[in-house]
Each structure stands twice: as C-alpha cells, then as structure tokens.
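For reference, the chains in residue letters:
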Amino acid sequence: VQLQASGGGLVQAGGSLRLSCAASGRTLSGYVMGWFRQAPGKERDYVARITRYGMYTFYSDSVKGRFTISRDNAKNTVFLQMNSLKPEDTAVYYCAAADKSTSTSSEYHSWGQGTQVTVSS
C-alpha cells in the first residue's frame, strides 16, 4: 500500500491541525494504521493507532486527550486531529500501515513521506 500524508503546517501554540493520510494500491481496511513523529535530532516516536474498522484507538501519553485518530475506509483515508498543540509537538509526522495492532515502528511495513508540523510559542 502507498501512503501520502498531508495537512501539516505552521500553527501557534494552542491551535489545531488535521493531518490526512491517503492510501492507494490496496484497500486501507486491511491494515492497522498508525501515526508517528520525529523531531530534529530525535528518534521516531509513536503517536497513535487505530484498528482496521476503527473500533479501537490508542494514544501515547504525550498526546492523549489532545489528539484524535480516525479513519474513513470508504475514502481510504486516515486522519489525525491535533488540538491544543504545544511547541513540543513540532516534528515531521508520518502515517504507517501494519498487519497487527502495535506501537512498535519496526512492525509497520508501509510508510508515508511525512508532513511537517511546526508549533510556535
């Protein structure tokens, strides 16, 4: 499956952004979908994941209560709604597909190209 992330940008602290991840090549419903992020000089960190039909969602402690992951399998798209953004949320955000529900990045086999999110203080 090919993934294309979009929706990043520059926003002030406290603001919101909605990221999208469009899939092509395979139907998205066959995969658990995750979002990860990587800040400059840091490792790629897990952000959130959603099971195949959206029944379950999981979040890292750092974004719980502020971010919401969702999916529209009919449109082959996954979303990440980010509210109450903080400067420490600044990173390149990646969407990824896995065959099982996991927060481990190495178990995701398909990755989008990333979209930059910058939060100013």
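Residues numbered from 1 in each chain as written. Predicted model: local features only at pLDDT ≥ 70, side-chain atom pairs only at ≥ 80, totals over all residues. Heavy atoms only, no water.

### Comments concerning the overall build of the protein chain
Then, number 1: Each helix and strand in the protein chain was counted, giving zero helices and 11 strands.
Then, number 2: Over its C-alpha atoms the protein chain spans a radius of gyration of 13 Å, differing by no more than 12% from the 14 Å that the globule rule assigns to 121 residues.
Then, number 3: The principal-axis extent of the C-alpha atoms belonging to the protein chain is close to 40 × 25 × 25 Å.
Then, number 4: Per-residue burial for the protein chain yields a buried fraction of 46% across its 121 residues.
Then, number 5: For the protein chain, long-range pairs separated by at least 24 residues make up 56% of all intrachain contacts whose partners lie at least 6 apart in sequence.
Then, number 6: For the protein chain, the exposed surface amounts to about 6,000 Å²; the carbon and sulfur share of it is 47%.
Then, number 7: Averaged over its 13 positive side-chain charges, the protein chain has a centre that lies 5 Å from the centre of its 8 negative ones. (Helix = DSSP H or I, 4+ residues; strand = E, 2+ residues; numbered from the N terminus. Rg over C-alpha atoms; globule rule 2.2 N^0.38 Å. Buried < 20%, exposed > 50% of the residue type's maximum accessible area, 1.4 Å probe, protein only. Contact = heavy atoms within 4.5 Å. Areas by Shrake-Rupley, 256 points an atom, 1.4 Å probe, with all protein chains shown as cover. Lys, Arg positive; Asp, Glu negative; His and termini not counted. Charge placed at Lys NZ, Arg CZ, Asp CG, Glu CD.)

### Some words on the sheet that holds strand 1 (residues 2–6)
Then, number 1: Strands sit in the order 1-3-8-7 across an open sheet of four strands; the sheet is antiparallel. Two strands lie at the open edges of the sheet, namely strand 1 and strand 7 (67–72), each paired on one side alone. For this sheet, the mean inter-axis angle between neighbouring strands, taken without regard to orientation, is 15 degrees. (Pairing = 2+ DSSP bridges. Axes fitted to C-alpha atoms, helices over the stretch in contact; angles between N-to-C directions.)

### Some remarks on the state of the cysteines
Then, number 1: Following the criterion strictly, the structure yields one disulfide and no others.
Then, number 2: Between the sulfur of C21 and that of C95 lies a disulfide, 2.1 Å long from S to S. Disulfide C21 to C95: torsion about the S-S bond roughly 70 degrees, handedness right-handed. Of this pair, C21 sits in strand 3 (residues 17–24) while C95 sits in strand 9 (residues 91–98), placing them 74 residues apart in sequence.
Then, number 3: On the basis of relative accessible area, C21 is assigned to the buried category, the value being 0%. (Disulfide = S-S within 2.5 Å.)

### Section: the pattern of salt bridges
Then, number 1: Applying the stated criterion across every chain, the model contains four salt bridges.
Then, number 2: Between D89 and R37 there is a salt bridge; the shortest N-O distance is 2.9 Å. You can see D89 sitting in the loop between strand 8 (77–82) and strand 9 and its partner R37 sitting in strand 4 (residues 32–38), a full 52 residues away along the chain.
Then, number 3: A salt bridge links E107 to K100, with the shortest nitrogen-to-oxygen separation between them at 2.8 Å.
Then, number 4: Assessed through its relative accessible area of 45%, K100 is described here as partly exposed.
Then, number 5: Connected via shared salt-bridge partners are R37, R66 and D89. (Salt bridge = Lys/Arg side-chain N within 4 Å of Asp/Glu carboxyl O.)

### Quick word on the environment of G25
Then, number 1: Positionally, G25 belongs in the loop between strand 3 and strand 4.
Then, number 2: What makes G25 exposed here is its relative accessible area of 66%.

Fair warning: the whole summary comes from geometry, so function is off the table for now.
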